[in-house]
Amino acid sequence: MKKIFSKQAWIFVSTFILLSVMQLISFAQDSAASSSTTTTTTQQSTTNIQPWVWVVGGAVLLLIIIALVRGGGSKGGGRTDKVTYSKTTSSEDNP
């Protein structure tokens, strides 16, 4: 007996049929074509930031800038140490 379809042809045909059935099922579930109802939703969002928030934010920013400028002037943080070193010498040449 002679084979009409090879194994690859059967796989191709069965895959084609399976995908076609899945496509028909997905089109059958689409309700946009049968329904003519339109829903429109509008949404407004307004944000009202109180003026005191801007004042507090500006003050905090100003304090941070002042702290960075004043603290970056010296590596020791403005601390100085005084060291006194005294040395006493004597010589035996004096009579």
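Above this text you will find the structure in question.
Now for a quick tour of the structure.

Scoring rules and cut-offs
- Residues numbered from 1 in each chain as written.
- Predicted model: local features only at pLDDT ≥ 70, side-chain atom pairs only at ≥ 80, totals over all residues.
- Heavy atoms only, no water.
- Helix = DSSP H or I, 4+ residues; strand = E, 2+ residues; numbered from the N terminus.
- Areas by Shrake-Rupley, 256 points an atom, 1.4 Å probe, with all protein chains shown as cover.
- Patch = residues over 30% accessible without salt bridge, like charges linked within 9 Å, V, L, I, M, F, W, Y side chains within 5 Å.
- Salt bridge = Lys/Arg side-chain N within 4 Å of Asp/Glu carboxyl O.
- Buried < 20%, exposed > 50% of the residue type's maximum accessible area, 1.4 Å probe, protein only.
- Expected span 1.5 Å × (residues − 1).

### As for the overall build of the chain
Secondary structure summary: the chain contains two helices and zero strands in total. When the accessible area of the chain is evaluated, it comes to approximately 10500 Å², of which 60% is carbon and sulfur surface.

### What about a nonpolar patch on the surface?
A cluster of nonpolar residues, I49, W52, V53, W54, V56, V60, I64 and L68, forms a patch on the protein surface that exposes about 870 Å² of accessible area. Tracing the backbone shows V53 in helix α2 (residues 51-71). The exposure class assigned to V53 is partly exposed, which follows from its relative accessible area of 37%.

### Quick word on α2
Taking 1.5 Å per residue, 21 residues should reach 30 Å; α2 reaches 31 Å between its end C-alpha atoms and fits that length. The buried fraction of α2 amounts to zero of the 21 residues, a small share that puts the element mostly on the outside.

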